[in-house]
Amino acid sequence: MKALLQDIAHLWQTKWSFRLALLYLAGLGITIALLPFIPLPFTPDQLDLENVFLAPFNNKYHVLGTDQLGRDVLVNTLYGARNGLLLALPVMAIASLVGVSVGVLAGYFGNNKQYLKRGSLLVLLCCLSLLLYYNIIVPLQLFSNGLPSKLSYTSMLVGVGLSGIAWFGIKPVITRFSFCSRQVAFPLDSLTLRTIELISSLPRLLILISVAAFMPPSVMLLSVIFICTYWTGTARLARAEMLRIAQLPFIEAATTVGMTHRQIIFKEAVPNLLSPVVVAFVFGVGSLLAIESTLSFLGIGLPADLPSWGRTIAGIRSNLGAWWLVAFPGGFLALTVLALQVCSYHLVHITQGRARQ
Amino acid sequence: MLRYLFRRLLYTIPTLWVMVTLIFLLSRVLPGTFGQEQISQAGEGFYSKGSQQQRNAAHEQLLARTNQHLPLFYVTFAPLATSQATSNYSYLLPDLTWNGTKNQYHIWAAALFTGSLGESFASSRPVLEILWEAAGNTIWLLLISMALTIVLALLISVSIVQDRAVKRRRVLLSFLILLDSFPVFLTGLLLLLLLANPDALQLFPVFGLGYHHAGEQSGFMSFIVNLPHLVLPIICLVLAELPYLTNHLYTSLKGTLQADYIRTARAKGLPQNQVIVKHALRNALLPVITVLSDMLPALVAGTVVIETIFAIPGVGRLLVTSVLARDFPVIVGIVVIIAIAKMLSHIVADILYALADPRIRHNQK
């Protein structure tokens, strides 16, 4: 953590492009955070059917022009930035968290470092299927039949309760039997690798498009799909870093001193793989912004009543002469992605340089 | 080598199968079937002026034609009875039914083994036929842009790796970073606005590919006729792929130039150009083979966007239109085809790698 901050401070002092990018990102962050409190003349969805396709810079009210329904381009661009980042940041944060935990565990325990009793494995599988049934399948069915959500809560409670009983009540009994108390190695690493391979066996945009097609567009659905497809990159990175770190002498020293696995992972290993993960995070946010606006442009991303860069840009289809619909949101998008990429580029260089020394 | 390939196939096919099955099941398990909204909407709509009864009958006929009335999988949960759920807790008990082989998944999978991808919901034509028609345009686009990208990336990386080219390197690398921050659809739209717009420069036609019917001319002639339509899309794809590939080639070339035999070649007095082209490039190309096989997904993503923007009747636009029409057999068909293409490209990359570098022997281990 400290090394990362030092890197950033060092880059801030030496690289003007990094400073510029960081300043831009900070300004953007402050703007979108304060956006609801800024007095703007229009709301993003306010129609003005008398002023459709207004060219920019020659109107007092619509400074950057209007789109096919008379919505103000400036306001839509600002709100598009807000919605895009409000989607991308939490999604990437959750995806990174999932990826780091899975990758670190897989890299640290490998295929034969973690042992489980056969009984525990059995109960674990039962718990998972119970949770799947009561917490996902039944609520989904109830929801699609339009039944009150109280029933779903009951079912979720039952699911958690039953798996709790299985784990704390049945597991201690079952592991008494000699067959079930045999220890087996839990192949965490291959399991993780297979899952990652499964998800990356198809191009990401293809998965996104085809799954987004099956349900009406919603922010929740889009975030879930993004998280499901984006955690693999971080997981792969964290696993590789963990494999490297686990060989280093200080981990061995920590084991000799008698630290538990948890202490070693949290106190020794995780701080050391923070920098690459932060780089991947910054890079991922840029890629999410780009892909979100691509999907919204194609009409399968954010719902149509949410302002987004892609939605504004899609207005060009009904009038090829309206260049301002592409130039302003698109330029904003490219600038933001560029700033994120410049940041991660410099960070990558400095961490690679340190690794080489 | 053969044994390695065989093992690799054995590994990949189940993964692919699971993924494709997941996509298939997801496409069917969610509420809302194809045509439901249009046919069974209440009141008089665009699609039907008949009574509710007639509409329900039409919907049922559609379901029967597309096999959607069958249960989804071998084992399914019985549907919830609404009245029972609100009165007591019996809805919490799982109620499994065994459907035998008469289910949607079995029929679909069995058809897949015989090489059929089913029929489109929208047009009742075989999916394979629709895909074949669309693939003609996409394949040209992909092959040409891939070849151009490789050539350009080679030229750029060779020209900037030399010691003297510090200034050129800086300019080109920053340009590539800038280029990388433009999503494909933005590049496409900007090119469209600049080069195919009556208000700016109208060098290329915007839409209209597929207007000249391919059947009338031989393959090459139709390609020549269609070329002006393909220029802008190809430029877009090349620009989208160039930064990634050039970066890899440049890094790999720079790494190779540190090797001892390069120093020997320089000590012999060979000119810089010859050292790079004759000695370094061949070894530097090796890791790039893997990168090339990774290019496929990016290209697929690119074609989806590019074909939508430039109205090219190819696979990408087919995907988007069938997504918007919820034509699931076509979507799943495209997924299957691309998954197979990706698997094949990885295997080809493996073979090429082993052929190019005799040190790699997969049999050992």
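Residues numbered from 1 in each chain as written. Chains lettered and ligands numbered in written order. Predicted model: local features only at pLDDT ≥ 70, side-chain atom pairs only at ≥ 80, totals over all residues. Heavy atoms only, no water.

Visitor: Pulling in residues and values, what's your account of the overall build of chain B?
Guide: Of regular secondary structure, chain B possesses 13 helices and two strands. When burial is assessed residue by residue, chain B has 43% of its 365 residues classed as buried. Within chain B, counting contacts between residues at least 6 apart in sequence, those at least 24 apart form 69% of the total. (Helix = DSSP H or I, 4+ residues; strand = E, 2+ residues; numbered from the N terminus. Buried < 20%, exposed > 50% of the residue type's maximum accessible area, 1.4 Å probe, protein only. Contact = heavy atoms within 4.5 Å.)

Visitor: Explain the overall build of chain A to me, using residue names and the numbers behind them.
Guide: Check the secondary structure of chain A and you find 14 helices and two strands. Counting only C-alpha atoms, chain A reaches 85 × 60 × 35 Å along its principal axes. In chain A, which comprises 357 residues, the share counted as buried stands at 45%. Within chain A, contacts between residues separated by at least 24 positions form 73% of all contacts whose residues are at least 6 apart in sequence. Here chain A displays about 17700 Å² of accessible surface, and carbon together with sulfur accounts for 69% of that area. Of the side-chain charges in chain A, 24 are positive and 13 negative, and the distance between the mean point of each set is 15 Å. (Areas by Shrake-Rupley, 256 points an atom, 1.4 Å probe, with all protein chains shown as cover. Lys, Arg positive; Asp, Glu negative; His and termini not counted. Charge placed at Lys NZ, Arg CZ, Asp CG, Glu CD.)

Visitor: Break down the nonpolar core for me, citing the residues and quoting the values.
Guide: If you look at soluble globular proteins, the nonpolar side chains tend to sit buried side by side. Ranked by size, the top nonpolar core spans 146 residues in total, and within it A:Ile209, A:Phe226, B:Trp108, B:Leu189 and B:Ile334 carry the most contacts. Residue contributions to this core peak at 16 residues, all from helix 11 (residues 272–310) of chain B. When residues no more than four places from it in sequence are discounted, the contact partners of A:Phe226 are A:Leu87, A:Val91, A:Leu208, A:Leu288, A:Ile291, A:Glu292 and A:Leu295. With 16 residues, the next largest nonpolar core counts A:Tyr108, A:Leu188, A:Ile245 and A:Leu273 among its residues. (Core = buried A, V, L, I, M, F, W, Y, C linked by side-chain atoms within 4.5 Å.)

Visitor: Can you lay out the UniProt feature "transmembrane region" (unreviewed entry) in chain A for me, pointing to particular residues and giving the numbers?
Guide: The UniProt record marks residues 21–42, 85–109, 121–140, 152–170, 277–302 and 322–348 of chain A with the feature "transmembrane region" (unreviewed entry), using the residue numbering of this structure. Helix makes up 100% of residues 152–170 of chain A and strand makes up 0%, while its end C-alpha atoms are separated by 26 Å. (UniProt positions renumbered as here; feature names shortened; annotations may be inferred.)

Visitor: Account for the interface of chain B and chain A, naming residues and giving values.
Guide: Contact with chain B, which involves 56 residues of that partner, is made by 52 residues of chain A. Applying the counting rule to chain B against chain A returns one residue pair in polar contact (both at pLDDT 80 or more). When the residues that make up the side of chain B that touches chain A are grouped by side-chain class, the tally is 44 nonpolar, seven polar and five charged. (Polar contact = N/O pair within 3.5 Å; in protein donor to acceptor, adjacent residues only side chain to side chain. Nonpolar A, V, L, I, M, F, W, Y, C, P; charged D, E, K, R; others polar.)

Visitor: Residue-level account of the pattern of salt bridges, with values.
Guide: Counted by the stated rule, this structure contains eight salt bridges over all chains. Salt-bridge contacts for A:Asp67 lead to A:Arg71; the nearest nitrogen and oxygen are separated by 3.0 Å. Of the two residues, A:Asp67 and A:Arg71, both sit in the buried class. We note a salt bridge from A:Arg244 to A:Glu241, for which the minimum N-O separation is 3.1 Å. Of the two residues, A:Arg244 and A:Glu241 are both situated in helix 9 (residues 219–246); the distance of three residues between them amounts to about one turn of the helix. By relative accessible area, A:Arg244 is classed as partly exposed at 44%. Residues joined by salt bridges that share partners form a network here, namely B:Arg125, B:Glu129 and B:Glu133. (Salt bridge = Lys/Arg side-chain N within 4 Å of Asp/Glu carboxyl O.)

Visitor: So what's going on with the side chain of A:Thr294? Which residues, and what values?
Guide: Of note, A:Thr294 is situated in helix 12 (residues 274–298). Given a relative accessible area of 8%, A:Thr294 falls into the buried group. Reaching out from A:Thr294, the side chain makes a polar contact with the backbone oxygen of A:Ala290 at a distance of 2.7 Å. Beyond its immediate chain neighbours, meaning those up to four positions away, A:Thr294 contacts B:Pro183, B:Phe185 and B:Val305.

Visitor: Can you explain the packing of aromatic side chains? Please cite residues and give values.
Guide: All names here are of chain A. Summed over the entire model, instances satisfying the criterion amount to 13 aromatic pairs over all chains. Taken together, a centroid distance of 5.9 Å and an interplanar angle of 85° make the contact between Phe57 and Phe328 edge-to-face. Here the residue Phe57 occupies a position in the loop between helix 2 (16–34) and helix 3 (73–109), and Phe328 occupies one in helix 14 (residues 324–356), the gap between them amounting to 271 residues. On the basis of relative accessibility, which here comes to 59%, the residue Phe57 falls in the exposed class. Look at Phe328 and you get partly exposed, because its relative accessible area is 21%. Sitting over the ring of Tyr230, Arg204 keeps its end group 3.9 Å from the ring centre. Looking at Arg317, its charged tip hangs above the ring of Phe297, at a distance of 4.8 Å from the centre. (Phe/Tyr/Trp six-rings, centres within 6.5 Å; stacked < 30°, edge-to-face > 60°. Lys NZ or Arg CZ within 6 Å of the ring centre and 35° of its normal.)

Visitor: Describe in detail the UniProt feature "transmembrane region" (unreviewed entry) in chain B, supporting the description with residues and values.
Guide: As recorded in UniProt, the sites labelled "transmembrane region" (unreviewed entry) are residues 9–30, 139–161, 173–196, 220–240, 284–310 and 330–356 of chain B. When the span residues 284–310 of chain B is considered, its composition is 100% helix and 0% strand, and the gap between its end C-alpha atoms is 36 Å.

Visitor: Account for unusual backbone geometry, naming residues and giving values.
Guide: Excluding glycine, residues mostly have negative phi values, and the peptide bonds linking residues are mostly trans. Residue and element names in this part refer to chain B. For Ser124, which is not a glycine, the phi torsion comes out positive at approximately 60°. With respect to the secondary-structure elements, Ser124 resides in the loop between helix 5 (104–113) and helix 6 (127–161). Among the residues examined, Ser124 registers a relative accessible area of 30% and is labelled partly exposed.

Visitor: I'd love a proper account of the domain arrangement of chain A, names of residues and values included.
Guide: By the assigned domains, chain A splits into domain 1 (2–112 + 188–356) and domain 2 (115–185). Computed from C-alpha atoms alone, the centre-to-centre distance between domain 1 of chain A and domain 2 of chain A is 34 Å. (Domains from an automatic or database assignment.)

Visitor: Quick rundown of helix 5 of chain B? Include the residues and the values.
Guide: Residues and elements named next belong to chain B. Buried within helix 5 are the following residues: Gln104, Tyr105, Trp108, Ala109 and Leu112. For helix 5, the buried positions fall inside an angular range of 120° around the axis, keeping them on one side. Gly115 sits one or two positions beyond helix 5 and adopts a positive phi of about 90°. (Arc of directions from axis to C-beta.)

Visitor: Would you mind going over a nonpolar patch on the surface in detail, with residue names and values included?
Guide: All names here are of chain A. A contiguous nonpolar patch, built from Leu124, Leu125, Leu128, Leu131 and Val160 and spanning about 420 Å² of accessible area, is present on the exposed surface. Tallying contributions element by element places helix 4 (residues 118–144) first for the nonpolar patch, with four residues. Inspection of the secondary structure puts Leu128 in helix 4. (Patch = residues over 30% accessible without salt bridge, like charges linked within 9 Å, V, L, I, M, F, W, Y side chains within 5 Å.)

Visitor: Before we move on, can you summarise the confidence of the model for chain A with the specific residues and values?
Guide: Scored by pLDDT, chain A comes out at a mean of 86, with 99% of its residues at no less than 70. Of all the helices and strands in chain A, helix 8 (residues 204–214) of chain A carries the lowest mean pLDDT, 77, while helix 3 of chain A carries the highest, 92. (pLDDT = per-residue confidence, 0-100.)

Visitor: So what about the environment of B:Leu191? Which residues, and what values?
Guide: Residues and elements named next belong to chain B. Within the fold, Leu191 resides in helix 8 (residues 184–195). In sequence terms Leu191 and Leu249 are 58 residues apart; their C-alpha atoms lie 27 Å from each other. Setting aside its immediate chain neighbours within four residues, Leu191 contacts Ala196, Leu232, Ile235 and Cys236.

Visitor: So what's going on with the environment of B:Leu112? Which residues, and what values?
Guide: Residue and element names in this part refer to chain B. Checked against the element boundaries, Leu112 lands in helix 5. Of the residues examined, Leu112 reaches a relative accessible area of 18% and is grouped as buried. Once residues lying within four places of it in the same chain are set aside, the contact partners of Leu112 are Trp17, Leu117 and Val336.

Visitor: Account for the environment of B:Thr66, with residues named and values stated.
Guide: All names here are of chain B. Within the element layout of this structure, Thr66 appears in the loop between helix 3 (52–65) and strand 1 (75–77). Residue classification places Thr66 among the buried positions, given a relative accessible area of 12%. Along the sequence, Thr66 and Lys278 sit 212 residues apart, while their C-alpha atoms lie 60 Å from each other.

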